[in-house]
Every structure is written in structure tokens, then in C-alpha cells.
Amino acid sequence: MRTGRVLIIGLIFLVLANLWVRQGALLTLAAQVAMAVPPVPALATLLILLAGLALLRRIGIRRREVMGVYLFLTLAVALTSGAAMRFFLPALTVPYYFDSVENRWAEFHKYIPDWLVPQGEEVIRTYFEGAETGAVPWGAWLQPLAIWMVFFVAFYVLLMCIALVFRPVWEEGEHLSYPMAEFPLMLAGYRQDILHGIWTNAVFWLGFFTVGLYNLFNIMNAFNPAIPAMGLNTDLSPLFNQHPLTALQPINIQYRPEIFGIAYMMPSDIVLSTLVVFFLYFKGISLGGAMMGVDIPGYPFEFEQAMGGYVALLLVLVYGARGRIAQVFRTLWDRNEVSPWLPIGLVVSFIVVVGFWVMFGMSLWVVLLYLLLLLSVGIGYMRIRAETGYPTWWIKPLNQERDMLINFFGTERLAPGGNFSTLTGLELQSFMYRGYFSQLVAYQAEALRIGGQIKVDRRQIVSLMVWAVILGSAVSWWMHLDTSYEWGSNVLEGGTTQGGQRVTLMTQAYDQLASWMRGPAEPKKNESIAFGVGAAIVIILAVLRRLFLQFPLHPSGFVLGMTGGGIIGWAMLLFSYIIKQIVLRLGGMRLYNRLLPFFIGVVLGHYFWAGTVWALIASFGGQGFDKYRVWF
């Protein structure tokens, strides 16, 4: 693979993707294409390059380079999305622009190092209100962004090294299927043994156009409600409006074609486990608590339990890879012709990440625990994606990496002697625990998998992922800052005078910090117990799976069932599971393989019709075209 050519082509499409995101997600709020899994612009680029492959071969661009561009864009475009860099930039500016006598935010300004944020009252004001010339004051931004770039590169090098540690255990030892990696390989024709001639397969096109009709009727219904359509969801909560059945609310069917299609390729035991956990455990204890008169705020603490499940899942995964981990670090003193760069990369990137937060003023023990929680979600998500390919980010317990520290220790212990450096550090980078920065390691793991399948040197894949972080961050910062200084962040992303969703979330984070400075938050016993319960359940499930090979419940299903796997995807998982079981009973694996193109067509069709065709029309069509919004 010619990395230079891949980067040139990738950079061109990355800039185009950011301009698309600017129009669709910042200005019109009509489409959130960068938040899809995989990002819609990356998948659209893959299709464009595959369609023009005959011409590209004349200039030395072959299928490997096309796949390299796709791998580069999956990570680089994801970094520009709403739960990544769009969340990062307001974190540096919100505490100064929205400071007032009433909120007393000035009290924590002294805990924010000057070298981490842009300086100058006018720089901050015009970021939110727009500059007369629309010019970005790069002189004020370059230093803090350069320092943050060091952090982000180190963080993703750490994640990349972790993915390299687990890769042989999961791929060669456990033979995980990596459905989200198989998807582009099939489209590019690398899976002829499994799926021959996908582009000439009538079953594939049936799925492709079926989901096209679904979206077409939804679009027409958005403009004319008299036209019947399935819509995006069906709310079932009115069926449970009597006590104690109200405890089952909210519950609705979300029509997610991408989940429906990928679920057909997911391991049946994980799908079944997710459904059992969601209905029998999560909704069961909710209903049982209501019947017994439990009146505890936050009950049943599903996100706290999920966070405990993620930490336990990390422990299970580390235990399963203990031999590989020992082998990696053994190369530091016993090379045996094995490169020591992997353990060196792990150690150096870990030191840089931890050192960055310590230089901020955060306590070392808090930094280590916080990083453990971040990595638990990132590695756990990477494992779930490797097993299932589940196509959404929202199987994470929002805010819990921060909240569990507060729940266990309270704010007084995190701010000894009234020093709020640690808590300020946590809130300044709330984009880490509220967004999905650590979960992007899944793209790195899938890149390693695809690189191995198409016979690309692993060092080239690593280099490509590092460049994806650097260029993805830089282009995203350029696009977001240019848009903010032209229009003003106050009116972007649906905002009117106080900013859109990301600015609102950062305002809430700093309000929380100010409230802790006025009165400490005590440790929370119930939430801490829930964390322990979730961790215990995952460990018990892992042990039972090890003792009884046919044990039906999977520990990954617990995390999925308590988060977006159940809350968002239960209906699509259930429908797809029923169809899959009927298919296997009627025709076995032969019929399963014959119908597989239909489900691939459903996934690709949804990303093409809704995520590409309509998202482009809605983003650039002008007023009125945002009636059918494409969000993933």
C-alpha cells in the first residue's frame, strides 16, 4: 500500500467531509453523518472509489489504497463529530464567555493553566458572537491546540498499542468475527469465499431498495403527513401508563435499519443475552422496585451498573490476555528478535497522557483511576465491536467515568484543602467522559483486522492511524473555528443566543463544578453499590461461561442490555434474532449465507439513501429540507 497516495486522497475527502459536517450538523442540523458507525462520508468515499477503481488503477491506485483511504477516514471523520472535537473546542472557551457574578465561575479560572486555552477577551467573545471579518485569530489558538495535539496523539497511540496487544488473542486465539470490518471487505470484493459477486446479487439489491422505500415514505410523510409511513420510532409508553407499569417507561421501538442488518451477523448468544438483560433484568427490577414501593432517586441505576460491568469486563479481558501481555513486556529485556517498540509505545504514551493531566494540577491517584475508567469503556467497547459490530456508539454509560469518582469519594476528598485543580481538570475535559473519544479505539482495531486481511504491513496501518488523528484533529479544528468566527458559536448547532447542544453540555459541566465549590457532594452509597452489582454480574457470567461451555448468557450482553443495546436497539435485535432462528431451523447455514446479502443490502441501503443521498439534500437544500433529520 502506498501510504503517501492514501493520505493525499484521504485528506481531500476529509476536507470535503468536514464541509459536509459543517453544513449538515452545524448550520442546518439536518444530518449527523459523522456520528454514524462507520461515518457516512467514509463509507460514501469507499463506494465512490470502488466505482472508479478501473480509472484509478491507471494512476497506481489499487484496492489496497482504496481500503487504506477508507480506514483513514473512519477515524479522521469520527474525530470531527458531535461527541468528539465539536465537544472539545467549547470546553476551552465556555468558562470565560459565560462567566458572571451570579454563577461565580471566575473562582475556578485560576485552576485552568493559561497554556491550555486561548487568551484574550476579544478572542473568546468573537468565537461565540462571530468576528466582523470572519477571520480566525490563529495566533491565540495555535499554542493551546499544539499542546492538545500532543495529548490526543499520545492518547490514541496508547489506544493503538492496547489494540495491538489484544489483536492476536482475539483474532487468532478466539477467532472473533469483526462484523464491522467484514462489511467493507465484502463490499470491496475481498470475501468471495463467503459472498461471491455481491454487486450482482439480486438478494442484496432487494435489501438495498427495500430500505430505500422505507426512507422514501418517511421523507414524503415528513412533508405530507397524509402519506403513511413507519416513521423513526413507535412509542410504547402509553401502553404502560398505570402504576406500577409506569416503571417500564420509557420503552419504544426505534427503527434502526443498520442495527437490524448487523444483528443478523451478530453472535446469537450475545443478542439473546442483551434481550434477556434488558427485559428480564433491567425492566424486571424496575417493575419489581415499583411494586415493592422502592422510592430511591436514580433507581435502578442502570448506567452505574453498566460502568461496573465495563470495569469487570476489562478485568476479564486482561486475565484472558495475561500471557500475551507478559510476552509483550518481556521483549523489553528479552528481545529474541522481537521488536520492543510495542511496550515502549505503551509506556511512553501512558506517561505522556498521565503527565499531561498531572501538569494540569490533577492528583496522580485520581488521574490513574480516571484513566482506568476511560480505558475500561474504550477496551470494553472495542471488544463488543469485535464480537458483534454493533453499529452505534451509545452503549456507554454517559458521564460515569467522572460520576463514579464522585460517587465513591465525594468532592471533598477530590479537592483537599479547597484545591479544586482536580475537579476543574475533570470538567474542562468533560468531552472525554461525555463523548466517545476512548471508544474510537474500535476503528483502530478494525483497521488492524482489515490490514491483516488485505496483506498490508502492520506498521503502515499504525502510521495511517496516527496520521488520521493528526489530520483529523487539525482539519476538524480548522472547520469548527472557521465556522464559529464566521457565524458565532451562539447560533450554531441549533443555538439561538446561548449556543447549541455542545455549548449547553459544557455550561452544565461548569455549573456542576461551581456547585461543588459552593457545597461539597458526599459519596453516594446506592450508586456505589450498583457499580459493584454490575461488576459482580459480569464476572459471574464470565465464570459460568468458562465452567459451562453451553451457558447461554454472555457478559457483553449485560453491558449492551443496560445501555444502548437494549434501550435503543432491543426491537431491531429481537426482529433480526427471530428471523435468523427461523432461517437456521429451516435451511441451516446454507440458507443463512444465501440471505446474508439481503441484510448487508439493508445496512448499505440505509447509509446510502438516508445517510448519503437524503443527508446531502437536507444539508444543502435550504430551508424546509430538515424535516426528516438523519441522525445516527
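Now for a quick tour of the structure. Bear in mind that the values here come from a model prediction, so they are computed numbers and not experimental data.

Now for the packing of helix α17 (residues 400-414) against helix α18 (residues 421-428). Closest axis-to-axis distance for the α17/α18 pair is 11 Å, and the angle between their directions is 150 degrees. Accordingly, the angle class assigned to the pair α17 and α18 is roughly antiparallel. You can see that α17 and α18 cross each other, and the crossing is left-handed. Contact residues: α17 offers R402, L405, I406, T411 and L414, while α18 offers T422, L423, L426 and E427.

For the bond from V37 to P38, the omega torsion is -5 degrees, close enough to zero to count as cis. In this model, H243 is joined to P244 through a cis peptide bond whose omega is 5 degrees. Structurally, P244 is set in the loop between β1 (233-235) and β2 (252-254). The phi dihedral of R104 falls on the positive side, at around 60 degrees, and the residue is not glycine. Here the phi dihedral of H175 falls at roughly 55 degrees; this positive angle occurs in a residue that is not glycine. Relative to the helices and strands, H175 is located in the loop between α8 (138-173) and α9 (179-187).

Throughout the structure, instances matching the rule amount to 61 aromatic pairs. Note on F152 and F431: the rings are 6.2 Å apart at their centroids and 50 degrees apart in plane angle, and the pair reads as tilted. One end of the pair, F152, is in helix α8; the other, F431, is in helix α19 (residues 430-434), with 279 residues separating them in the sequence. Since its relative accessible area comes to 0%, F152 is described here as buried. Looking at F431, the relative accessible area reads 0%, which means it is buried. Taken together, a centroid distance of 5.4 Å and an interplanar angle of 90 degrees make the contact between F408 and F531 edge-to-face. Here F531 lies in helix α23 (residues 525-547) and F408 lies in helix α17, a separation of 123 residues in the sequence.

Here we come to a nonpolar patch on the surface. There is a patch of nonpolar side chains on the surface, built from F329, L332, W333, V347, F350, I351, V358, L364 and L368 and spanning about 810 Å² of accessible area. Secondary structure elements with two or more residues in the nonpolar patch: α15 (341-360) and α16 (364-388). Among the elements that line the nonpolar patch, the one with the most residues is α15, at four residues. Structurally, V358 can be placed in helix α15. On the basis of relative accessible area, V358 is assigned to the partly exposed category, the value being 34%.

With respect to the secondary-structure elements, N490 resides in the loop between α21 (458-487) and α22 (501-518). Assessed through its relative accessible area of 7%, N490 is described here as buried.

If charged atoms from side chains of opposite charge come close, those side chains can pair. For the coordinates displayed, the defined rule picks out 21 salt bridges. Across the pair R402 and E427 runs a salt bridge, and its minimum N-O distance is 2.9 Å. In this pair, R402 is assigned in helix α17 and E427 in helix α18, connecting sequence segments 25 residues apart. Across the pair, exposure class does not vary: R402 and E427 are buried alike. What you see here is one network of salt bridges that share partners, running through R167, E171, E172, E182 and R449.

The next thing to look at is helix α12 (residues 268-291). For α12, built from 24 residues, the straight-helix expectation of 34 Å at 1.5 Å per residue is met to within 8% by its first-to-last C-alpha distance of 32 Å. For α12, the principal kink sits at G284 and spans about 35 degrees. Looking at the buried side of α12, the elements it contacts are α11 (257-263), α13 (302-320), α16, α24 (555-562), α25 (564-567) and α26 (570-620). G293, located one to two residues past α12, shows a positive phi value of around 80 degrees.

Turning our attention to the packing of helix α14 (residues 322-330) against α15. At their nearest, the axes of α14 and α15 sit 7 Å apart, and the two run at 95 degrees to each other. Comparing the axis directions of α14 and α15 gives the class roughly perpendicular. Touching R324, V328 and F329 of α14 are L342, P343, L346 and V347, all from α15. Across the contact of α14 with α15, the residue classes tally to six nonpolar, no polar and one charged.

Residue position: G557 is located in helix α24. Using a relative accessible area of 0% as the deciding quantity, one classes G557 as buried. Each C-alpha atom, one on G557 and one on S273, is 4.7 Å from the other, the two residues being 284 residues apart in sequence. For G557, the contacting residues outside a window of four places in its chain are I270, S273, T274 and V277.

Here we come to the environment of L26. Secondary-structure assignment places L26 in helix α1 (residues 3-27). When the C-alpha positions of L26 and R86 are compared, they lie 9.4 Å apart, and in sequence the two are 60 residues distant. Setting aside residues no more than four positions away along its own chain, L26 makes contact with V21, R86, M479, H480, T483, L492, E493 and G494.

Conventions we followed
- Residues numbered from 1 in each chain as written.
- Predicted model: local features only at pLDDT ≥ 70, side-chain atom pairs only at ≥ 80, totals over all residues.
- Heavy atoms only, no water.
- Axes fitted to C-alpha atoms, helices over the stretch in contact; angles between N-to-C directions.
- Helix = DSSP H or I, 4+ residues; strand = E, 2+ residues; numbered from the N terminus.
- Parallel < 35°, antiparallel > 145°, perpendicular 65-115°, else oblique.
- Left-handed = near helix turned anticlockwise from the far one by under 90°.
- Contact = heavy atoms within 4.5 Å.
- Phe/Tyr/Trp six-rings, centres within 6.5 Å; stacked < 30°, edge-to-face > 60°.
- Buried < 20%, exposed > 50% of the residue type's maximum accessible area, 1.4 Å probe, protein only.
- Patch = residues over 30% accessible without salt bridge, like charges linked within 9 Å, V, L, I, M, F, W, Y side chains within 5 Å.
- Areas by Shrake-Rupley, 256 points an atom, 1.4 Å probe, with all protein chains shown as cover.
- Salt bridge = Lys/Arg side-chain N within 4 Å of Asp/Glu carboxyl O.
- Expected span 1.5 Å × (residues − 1).
- Bend = angle between axes of the 7 residues up to and from the residue.
- Nonpolar A, V, L, I, M, F, W, Y, C, P; charged D, E, K, R; others polar.

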